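Here are the chains, one letter per residue:
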Amino acid sequence: MNLSHIKPAKGSVKQRKRVGRGQGSGMGGTSTRGHKGAQSRSGYSRKLSFEGGQMPLQRRLPKFGFTNPTRVEYKPINLDTLQELATSANLTTIDFAALREHGLAGKSDLIKVLSRGEVTSALDVSAHGFSSAAKEAIEKAGGKVTVIERIAKKESAI
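Reading guide: rules and limits
Residues numbered from 1 in each chain as written. Predicted model: local features only at pLDDT ≥ 70, side-chain atom pairs only at ≥ 80, totals over all residues. Heavy atoms only, no water. Pairing = 2+ DSSP bridges. Helix = DSSP H or I, 4+ residues; strand = E, 2+ residues; numbered from the N terminus. Contact = heavy atoms within 4.5 Å. Axes fitted to C-alpha atoms, helices over the stretch in contact; angles between N-to-C directions. Buried < 20%, exposed > 50% of the residue type's maximum accessible area, 1.4 Å probe, protein only. Arc of directions from axis to C-beta. Core = buried A, V, L, I, M, F, W, Y, C linked by side-chain atoms within 4.5 Å.

Chemist: So what about the sheet that holds strand 5 (residues 129–130)? Which residues, and what values?
Modeler: Spatial strand order, 1-3-5: 3 strands in an open sheet with parallel pairing. The sheet terminates laterally at strand 1 (75–78) and strand 5, the two strands that pair on one side only. Pairing of strand 1 with strand 3 (residues 111–114) involves 4 bridges; the strand directions are parallel. Looking across to strand 3, one finds that K75 is bridged to I111. The strands touched by helix 2 (residues 79–89) are strand 1 and strand 3; relative to strand 1, the strand with the most contacts, the crossing angle is about 65 degrees.

Chemist: Quick one: what's the story with helix 2, residue by residue and with numbers?
Modeler: One turn of an α-helix holds 3.6 residues; hence residues three or four places apart share an orientation. Buried residues of helix 2: L79, L82, Q83, L85 and A86, and no others. All buried residues of helix 2 fall inside an arc of 160 degrees around its axis, so they share one side. Facing away from the buried surface of helix 2 by more than 90 degrees, the exposed residues are E84, T87 and S88. In this fold, the buried residues of helix 2 make contact with strand 1, strand 2 (93–94), helix 3 (96–101), strand 3, strand 4 (124–127) and helix 4 (132–140).

Chemist: Lay out the nonpolar core in plain terms, naming residues and giving numbers.
Modeler: Counting 18 residues, the largest nonpolar core has L82, L99, V113 and I138 as the members making the most contacts within it. Every element with two or more residues in this core is listed here: helix 2, strand 3, strand 4 and helix 4. The leading source of residues in this core is helix 2, at 4 residues. Aside from chain neighbours lying at most four places away, what touches V113 is I77, L79, L82, V125, A127, G129, F130, S131, A134 and I138.

Next up, the structure:
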């Protein structure tokens, strides 16, 4: 026995379906698409949730919940993250520009400082919001807290 005599196991290798190669192939005429209808036409693509005309799942399930259109989404940053940033970058003042520069905030993010961890050095922190425990911890370490005013989006006249 040598490598030239090796064959794959019987039934493990299938020929691919060669569509549109004439009547002799057994798949001529309509090229296995059937007669008429959207799926027989070129350029047809079904909707992702299409279930063959059956009522789709997203319409069978009941609606529930509420999405508040005026919700304000804050990006949380904890005290331990601020302390780590202050020691690694040798900062005493941490504001929005410093957070953006070090990749902790995006340009449209609203920052809220939360109280996980502890602050060991006196930091001047500016953010859009503070938890009461975080505010207390920063001031206890000899730092200062400044709340940045949020610019409200213009409300459209109805």
